[in-house]
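Close look at the chain arrangement
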Amino acid sequence: MNIFTKTRYKNKSAKSQKINFQEAVLNPSAPFGGLYTLENIPSKNFKEFIDFDYEKLTREIFSGLGISLDSDILKQALQSYEKFDDPKNPAPLVKIKKNLYSQELYHGPTRAFKDMALQPFGTILSALAAKENKKYLILTATSGDTGPATLKSLANTDNISVICLYPKGGTSDVQELQMLTQEGKNLKVFGINGNFDDAQSTLKSLLGDEDFKAELQKKDIYLSAANSVNFGRIAFQIIYHIWGYLNLVKNNHIKFGEEFYIVVPSGNFGNALGAFYAKKMGLPVKKIIISSNPNNILTEFIQTGIYNIKDKTLIKSYSPAMDILKSSNIERILFALFGGERTYELMENLQKNLHYEISSSELESLQNYFSAVSCTDRECLEYIKKSFNMGYLLDPHTATTLKGVDKFCKDVPTIICSTAEWTKFAPSVVEAIFDKKLNDKEAIAFMCEKNHMPTPDFIKNLFCKPMIHSKVLEKENIKSEILKWLDFK
Ligand SMILES: *Cc1c(COP(=O)(O)O)cnc(C)c1O
């Protein structure tokens, strides 16, 4: 089924041919700019799904959306949840207090929510590459969690090589170690001198670089990407939002059909886009609350309709995975709400003037789905402490959601998306709760001792594994370094 269309077209006659899921996964960037996205989002009666297990729910939602994939490949992909703490419930809900639930999306192998999509997605990529009997180079740019999850998921898979770009100094030590110590002869990690936006724009320009693709073609290699520009990831990020709601119903926390809030700590807007599709399909989400950190461009946009990166520079915050100015997936929201021609216009403005503004009626339809709040670093630390004192330990990204809860979610059942285990950002957690400055290793040991917890398994080895990757590059040199690596690997 050809269900994907381009997010931008100049006029109706420039509308592209539609493509299917497999093509969208293997060629995530649409020609001449834009992304591939769902053309229509049909509604669903979720009541039938209440007793489904995770696999069956995924199958139903995919088939409802027209996402077609060999049944065996999907089965194999969903088996990657067997690496999660509880394979039957990969995204469990934890009650924090009355009407407030945390959906812990970090129980996979790299301890961040990126595993929810990237573990099954990796299986799909390598299976599709094998089926086509083609070799693929997968690019990924990371603000810290996508990198480890992609590398882990694709290490030593056939037909696939991976290049991972991360901003040197822009991640936590644990995140960096997860990448630099990851074994796999098909993997290469480069630090870049720059921030996440630089890494992501380098990735996007390589995806659209005809010379680069021609060079790869000579080596018989095709190009794809593992960032959330790839709809293959978004597909899996719809499911857990629905799973969370059905679990509230199953456990009698809410009656079927009763509304609830979802609060999402947002960066590239992939997680929030998944929630948007779930709401558009008919899940009774009262509103999706977006929390951002001091890089509050998303909050500004949702509050005012103005997306302005002109006078902004990226601020390094306590929630580095959200240190982003150019959120790729906003484009898919613009398409779903305003259509391809309008999206074309707005994205042209962004490219030319680093700025666009939607009309007041457009803003109203955006606000039917979203409200937004921005959380300062100081507030973030306060929320970590406050939550810890209530008996719930959370990481700095998830902490930003509590500001959204305070502002919007009075007396209505609310699910916050818990996007990382605290262990990935232990120094901030210790600073928040105990006002102490420690490094990652010390902070993890300190917290484990204080709370009488064993040191988590994945941490135990991380600090003594050998470093495999070490190169830090300037943006301009990335293309040639990739080609060099492909020749010598
Ligand atoms: C990636 C990430 C986010 C942001 O998610 P998006 O889908 O990019 O909006 C938030 N928190 C953590 C811990 C992350 O790794």
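So, here is what we can say about the structure in this document. This structure is a prediction, so every number in the text was calculated from the model and none was measured.

1. Section: the overall build of the protein chain
Along its length, the protein chain carries 21 helices and 15 strands. Taking 23 Å as the expected radius of gyration for a compact globule of 489 residues, we find that the protein chain reaches 21 Å, a close match to that expectation. Seen through its principal axes, the protein chain has C-alpha atoms that stretch 60 × 55 × 50 Å. Here the protein chain holds 489 residues, and 61% of them are scored as buried. Counting only carbon and sulfur atoms, one obtains 46% of the accessible surface of the protein chain, whose full area is about 19,300 Å². A distance of 1 Å separates the average location of the 61 positive side-chain charges in the protein chain from that of its 56 negative side-chain charges.

2. Notes on the nonpolar core
Grouped together as the largest cluster of nonpolar side chains are 108 residues, with contacts concentrated most on Ile61 and Phe370. Top contributing element to this core by residue count: helix α9 (residues 231-250), with 13 residues. Apart from residues lying up to four places away in sequence, Phe370 is in contact with Phe269, Ala272, Phe276, Lys287, Ile288, Ile290, Ile302 and Ile333. Listed in part, the 36 residues of the second largest apolar core include Ile289, Val430, Ala443 and Cys448.

3. Observations concerning unusual backbone geometry
One non-glycine residue with positive phi stands out, namely Asn252, at about 60°. Inspection of the secondary structure puts Asn252 in the loop between α9 and β9 (260-265). A positive phi angle, near 50°, is found at His452, a position not held by glycine. Here His452 lies in the loop between α19 (440-450) and α20 (457-462). When its relative accessible area of 74% is taken as the criterion, His452 is described as exposed.

4. Here's the deal with the sheet that holds strand β6 (residues 160-167)
The strand order across the open sheet built from five strands is β8-β5-β6-β7-β15, with neighbouring strands paired in parallel fashion. The open sheet is flanked by β8 (221-225) and β15 (472-473), the only strands paired with a single partner.

5. Side note on the packing of α9 against helix α10 (residues 270-280)
Contact geometry for α9 and α10: axes closest at 8 Å, N-to-C directions at 60°. With respect to α10, the element α9 is oriented oblique. Where α9 crosses over α10, the handedness of that crossing is right-handed. The segment α9 lies against α10, with Phe231, Ile234, Gln237, Ile238, Tyr240, His241 and Ile242 engaging Gly270, Asn271, Leu273, Gly274, Ala275, Tyr277 and Ala278. Its residues placed into classes, the contact of α9 with α10 shows nine nonpolar, five polar and no charged.

6. Some words on the environment of Ser13
Along the chain, Ser13 turns up in the loop between β1 (4-6) and α1 (21-26). Residue classification places Ser13 among the exposed positions, given a relative accessible area of 70%. Reaching out from Ser13, the side chain makes a polar contact with the side chain of Asn11 at a distance of 2.7 Å.

7. Here we look at the packing of aromatic side chains
As enumerated under the stated definition, the model contains 23 aromatic pairs in all. Centre to centre, the rings of Phe62 and Phe236 are 5.3 Å apart; their planes meet at 65°, and the pair counts as edge-to-face. Pair noted here: Phe62 is in helix α2 (residues 54-65) and Phe236 is in helix α9, with a separation of 174 residues, a long-range link. Taken individually, Phe62 and Phe236 each receive the classification buried, so the pair is uniform in this respect. One aromatic cluster is present, formed by Phe4, Phe21, Phe62, Phe231, Phe236, Phe269, Phe276, Tyr277, Tyr369 and Phe370 through successive ring pairs. A cation sits over an aromatic face here: Lys56 above Phe52, 4.4 Å from the ring centre. Positioned over the ring face of Tyr222 is Lys134, at 4.4 Å from the centre of the ring.

Conventions used here
Residues numbered from 1 in each chain as written. Predicted model: local features only at pLDDT ≥ 70, side-chain atom pairs only at ≥ 80, totals over all residues. Heavy atoms only, no water. Helix = DSSP H or I, 4+ residues; strand = E, 2+ residues; numbered from the N terminus. Rg over C-alpha atoms; globule rule 2.2 N^0.38 Å. Buried < 20%, exposed > 50% of the residue type's maximum accessible area, 1.4 Å probe, protein only. Areas by Shrake-Rupley, 256 points an atom, 1.4 Å probe, with all protein chains shown as cover. Lys, Arg positive; Asp, Glu negative; His and termini not counted. Charge placed at Lys NZ, Arg CZ, Asp CG, Glu CD. Core = buried A, V, L, I, M, F, W, Y, C linked by side-chain atoms within 4.5 Å. Contact = heavy atoms within 4.5 Å. Pairing = 2+ DSSP bridges. Axes fitted to C-alpha atoms, helices over the stretch in contact; angles between N-to-C directions. Parallel < 35°, antiparallel > 145°, perpendicular 65-115°, else oblique. Left-handed = near helix turned anticlockwise from the far one by under 90°. Nonpolar A, V, L, I, M, F, W, Y, C, P; charged D, E, K, R; others polar. Polar contact = N/O pair within 3.5 Å; in protein donor to acceptor, adjacent residues only side chain to side chain. Phe/Tyr/Trp six-rings, centres within 6.5 Å; stacked < 30°, edge-to-face > 60°. Lys NZ or Arg CZ within 6 Å of the ring centre and 35° of its normal.

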